[in-house]
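What the coordinates show
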Amino acid sequence: MAEVILMPRLSDSMEEGEIVAWHKKVGDKVEKGDLLAEINSDKATMDFESPKSGTLLYIGVPEGGKLVVSAPIAVIGEAGEAYEHLLGGSVAPVNEPVQAPKAEAVAAATTPMASAAITTNPSPTPTETHDSSRVFASPLAKEIAKAAGISIENVQGSGDNGRIVKRDVEAAISQGGVKETPATATTPPKASPSSTSTSNSFGAESYEDHPLSGMRKTIARRLSESLFTAPHFYLTMEINMDKAVELRPKLNEVAAPAKISFNDLVVKAVAVSLRKHPVINSSWMTDFIRQNHHINVGVAVAVGQSLFVPVIRHADMKSLGQISTEVRELAEKLKIINYNYLKCKEVLSLFPI
């Protein structure tokens, strides 16, 4: 008899699970205890073993897809056995190998949030796909290898069916391992189907969207809750600016007629730091993280009783003189805008509604 396998509840708070990887495809023979899939819950990625022996007749969702707890995840039975009636007609049978979800399907099912800096808003899609050439390794082994900079493809597995487990990665690390090539570590991410760009005189504004796992969503929710339920204290640090004080007069000699301020130095330093650490240049978009490829820095400017934040676009590509000139020009424009606003407000107050 064919049996419907349901999405397991891997934690008390788990409401849905994401299929990170399928280790079997439709038509494969499976034995009870065989690794069937890797499931990402709201807390961790865990292995899911087959509860019975037979042939895998059906998969409920491809890699990268999600299912609520207790939804049909698979059907196991005898080869050629009819199973559609077990699903109640609510889920269409999938009688083909697992494929990564198409970008068009994800885009049609997702509504993106608005962005003030980008003119187009594509929907978030996975930035990588899975194929049959994947490395057969446990999630923990992959995490350890990634943290140590070890190329897990070259690690010899000692687990069932040659599966790479924790002890294999630890042994590779102790023996020196196979480090990832510098090109791999320094090459910027390729633009995914979820990326977009707009052009200006300095270059393109582009970004890349990264979907969130259930675990990362839970972490974000808990941290947000703690902001209002737990007391917070903040740490500050002092930075020695003696070198900047010494350098500034020399810069002003070169940058004349522009005058470099300490604030301009900070703007440039922030931009250079973001170029060196691109992951920090990201935005939280509720359901996904948007990593920006361009670098725009906001500068707080006090005008009267108001505080405005003009944006220096592509600050990493501009000189200190350009940054200084642009900040001053924007500040002057803000003063004019604020003056006109106050005058309009004064005139309108003479005509109460």
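Residues numbered from 1 in each chain as written. Predicted model: local features only at pLDDT ≥ 70, side-chain atom pairs only at ≥ 80, totals over all residues. Heavy atoms only, no water.

We now examine the sheet that holds strand S8 (residues 72-77). Pairing between the strands of a sheet comes from backbone hydrogen bonds, and it takes one of two forms, parallel or antiparallel. Strand order in the open sheet formed by four strands is S1-S8-S6-S3, with antiparallel pairing between adjacent strands. One side of each edge strand has no neighbouring strand; the edge strands of this open sheet are strand S1 (3-6) and strand S3 (29-30). Where strand S6 (residues 54-59) meets S8, four bridges bridge the pair, whose relative direction is antiparallel. Bridge pairing links Ile-59 to Ala-74 in S8. (Pairing = 2+ DSSP bridges. Helix = DSSP H or I, 4+ residues; strand = E, 2+ residues; numbered from the N terminus.)

Okay, the sheet that holds strand S7 (residues 66-68) next. As summarised here, the arrangement of the four strands in space is S5-S4-S2-S7, forming an open sheet in which the pairing is antiparallel. This sheet does not close on itself; its edge strands, each paired only once, are strand S5 (45-49) and S7. Adjacent strand axes in the sheet meet at a mean angle of 40°, parallel and antiparallel pairs treated alike. Bridge count for strand S2 (residues 16-22) against strand S4 (residues 35-40) is four bridges, and the pairing is antiparallel. Paired with Ala-21 across the two strands is Glu-38, which belongs to S4. (Axes fitted to C-alpha atoms, helices over the stretch in contact; angles between N-to-C directions.)

What follows deals with the side chain of Gln-291. With respect to the element layout, Gln-291 can be found in strand S12 (residues 288-292). A residue is classified by how much of its surface remains accessible, and Gln-291, at 10% relative accessible area, is buried. Setting aside residues up to four positions removed in sequence, Gln-291 forms contacts with Tyr-207, Glu-208, His-210, Pro-278, Val-279, Asn-281 and Ser-282. (Buried < 20%, exposed > 50% of the residue type's maximum accessible area, 1.4 Å probe, protein only. Contact = heavy atoms within 4.5 Å.)

Scanning the entire structure with this criterion turns up 10 salt bridges. The salt bridge involving Arg-290 is made with Asp-209; its shortest N-O contact spans 2.8 Å. Taken as a pair, Arg-290 in strand S12 and Asp-209 in strand S10 (residues 204-211) lie far apart in primary sequence, 81 residues in all. (Salt bridge = Lys/Arg side-chain N within 4 Å of Asp/Glu carboxyl O.)

Here we take up the packing of helix H7 (residues 262-276) against helix H8 (residues 320-348). Remark: H7 packs on H8, axes separated minimally by 9 Å, with the N-to-C direction vectors making an angle of 115°. Of the two elements, H7 crosses H8, and the hand of that crossing is right-handed. On the side of H7, the interface is formed by Asp-264, Leu-265, Val-267 and Lys-268, while H8 contributes Leu-320, Ile-323, Ser-324, Val-327 and Arg-328. Taken together, the residues of the contact of H7 with H8 break down into five nonpolar, one polar and three charged. (Left-handed = near helix turned anticlockwise from the far one by under 90°. Nonpolar A, V, L, I, M, F, W, Y, C, P; charged D, E, K, R; others polar.)

Glancing now at the nonpolar core. With 19 residues, the main nonpolar core has Met-7, Ile-19, Trp-22, Ile-39 and Ile-73 as its most contacted residues. Of all elements in the fold, only S2, S4, S6 and S8 reach the threshold of two or more residues within this core. By size, the runner-up hydrophobic cluster in this structure holds 14 residues, among which are Val-267, Val-297, Val-301 and Leu-334. (Core = buried A, V, L, I, M, F, W, Y, C linked by side-chain atoms within 4.5 Å.)

Worth remembering: the numbers are spatial, not functional.
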